[in-house]
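Structural characterization, general
The chain contents come next:
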Amino acid sequence: MLSSSIPFGTLAQSQRDRLAHVELSVRFLGSVSRAQLMSRFGITSATATRDLSTYKRRAVHNLEYVPKHKHYVRQEHRWFRPLFEVSAQRVLLWLTEGVGDVEPASLRGVMPHPVIPQTQQIDLEVLSVITRSIHQRRAFDAAYLGRSSGHSRRHVAPHALVEGGGRWYLRGFDRSSQQFRDFSLIGFQSAQLLEGILADDEAPDQDAEWHRIVNLELVLHPVNVQHPEAIRAEYAMDGEVLRISARAAVVRYLLRRWSVDCSEDHGLRGPEFALWLRNRRVLYGIANLSLAPGYANRGPV
């Protein structure tokens, strides 16, 4: 599971896990500190110092110490050489849910688990620019290929990652269109951080759809459901209406993942459409609702 030829076999698994955390932090967030290791793993200052020194010896050019801030930062050059092999999916789960913050070799399943091939092939170095941009509140320049926009150059000030039913999206301010919008992560083909601070209108608190809360009322589909009790159990429905609150910016992904019929006359047919959105009017004014089944609108770029 290690991409380095330097032997790690003499290290305890607990230390390998901490070194993996060091690399994930500096690679995808841009920095790591002794205090961070102490808080995350409950170790002493001396142990944290030893871990950072150990990683530095094995990856000399990956990070450098900044005395002013008392932390290590990623070297801003192309010679970063990871010691641990990770997948983009694991990195995204670590960033968004705190899952998998251990050395990859220790993550062996205990039950049969066939792997479904992922269509998304996200470049890890491009992802590292994007995640550092979010963490450090900076914009980035990127070559982007979108389904509707084709090839374009983008300057994006991102603030969140969104998982939308098997696909990952980036939420941020697009300087080309001067608005907040979603981008498919797989569309970014190259990226580099930009200098300078974000403008006031690019800040996350200016993203109206991100802060708008939509209250959905989901009911059993009047036509497609044969066994109502099974659907109620599946969605833990307590009564006839399932009430869900979600950010306006991500509600389209929820509706697609749950295959909610969003048509006005509950006209979608098929067993996959077991729920119908009863209060369709709450979607008024939300962008990109073509992702919501039965609701026609423009999709993400």
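Treat the numbers as computed from the prediction; the structure is a model and nothing was measured. (Residues numbered from 1 in each chain as written. Predicted model: local features only at pLDDT ≥ 70, side-chain atom pairs only at ≥ 80, totals over all residues. Heavy atoms only, no water.)

Describing empty space enclosed by the protein
Unfilled space is identified by rolling a water-sized probe across the atoms. Taken as a whole and assessed by the stated rule, the structure comprises one cavity of 30 Å³ or more. Residue lining of the largest cavity: Ala20, Glu23, Leu24, Arg27, Phe28, Phe84, Val86 and Arg90, and that is the complete set. The biggest single contributor to the lining of the largest cavity is helix H1 (residues 13-28), with five residues. Of the residues in the lining of the largest cavity, the class split is five nonpolar, no polar and three charged. (1 Å grid on protein atoms, 1.4 Å probe; cavity = no way out; pocket = protein on both sides within 12 Å on 5 of 7 lines; lining within 4 Å. Points joined across faces, edges and corners; volume = space filled by probe spheres on them. Helix = DSSP H or I, 4+ residues; strand = E, 2+ residues; numbered from the N terminus. Nonpolar A, V, L, I, M, F, W, Y, C, P; charged D, E, K, R; others polar.)

What to know about the packing of aromatic side chains
Enumeration according to the criterion identifies eight aromatic pairs in this entry. Measuring from centroid to centroid gives 5.0 Å for Tyr65 and Tyr72, while their planes differ by 55°, and the two rings are tilted. Assessed through its relative accessible area of 16%, Tyr72 is described here as buried. An aromatic cluster of at least three residues, connected via ring pairs, comprises Phe140, Tyr144, Phe183 and Phe188. Positioned over the ring face of Phe41 is Arg40, at 4.5 Å from the centre of the ring. We note Arg74 situated over the ring of Phe80; from NZ or CZ to the ring centre the distance is 4.4 Å. (Phe/Tyr/Trp six-rings, centres within 6.5 Å; stacked < 30°, edge-to-face > 60°. Buried < 20%, exposed > 50% of the residue type's maximum accessible area, 1.4 Å probe, protein only. Lys NZ or Arg CZ within 6 Å of the ring centre and 35° of its normal.)

Thoughts on the sheet that holds strand S1 (residues 31-32)
The strand order S1-S3-S2 describes an open sheet built from three strands, whose pairing is antiparallel. The sheet terminates laterally at S1 and strand S2 (63-66), the two strands that pair on one side only. For S1 and strand S3 (residues 71-74), the ladder comprises two bridges, and the chain directions are antiparallel. Residue pairing for S3: Ser31 is matched across the bridge by Val73. (Pairing = 2+ DSSP bridges.)

Description of the confidence of the model for the chain
Put simply, the chain has an average pLDDT of 89, and 88% of its residues get 70 or more. Confidence drops under a pLDDT of 50 for residues 1-6, and excluding neighbours within four residues, the segment shows 17 contacts in the predicted structure. (pLDDT = per-residue confidence, 0-100. Contact = heavy atoms within 4.5 Å.)

Details of the sheet that holds strand S4 (residues 140-146)
Pairing within the open sheet is antiparallel, and its five strands lie in the order S7-S6-S5-S4-S8. Of all the strands in the sheet, just strand S7 (179-184) and strand S8 (188-193) have a single pairing partner and so form its edges. Across the sheet, the mean angle from the axis of one strand to that of its neighbour is 45°, orientation sign disregarded. Each of strand S5 (150-163) and strand S6 (168-174) is contacted by helix H4 (residues 88-97), which is oriented at about 60° to S6, the strand it contacts most. Docked against the sheet, helix H5 (residues 124-136) engages S4, S5, S6 and S8, running at close to 45° with respect to S8. (Axes fitted to C-alpha atoms, helices over the stretch in contact; angles between N-to-C directions.)

Points about the packing of helix H2 (residues 34-41) against helix H3 (residues 45-58)
Contact geometry of H2 with H3 gives a least axis separation of 9 Å together with a crossing angle of 115°. Considering how the two elements wind past one another, H2 and H3 form a crossing that is right-handed. Between H2 and H3, the contacting residues are Arg34, Leu37 and Met38 on the first element and Ser45, Ala48, Thr49, Asp51 and Leu52 on the second. Residues belonging to the contact of H2 with H3 are distributed by class as follows: four nonpolar, two polar and two charged. (Left-handed = near helix turned anticlockwise from the far one by under 90°.)

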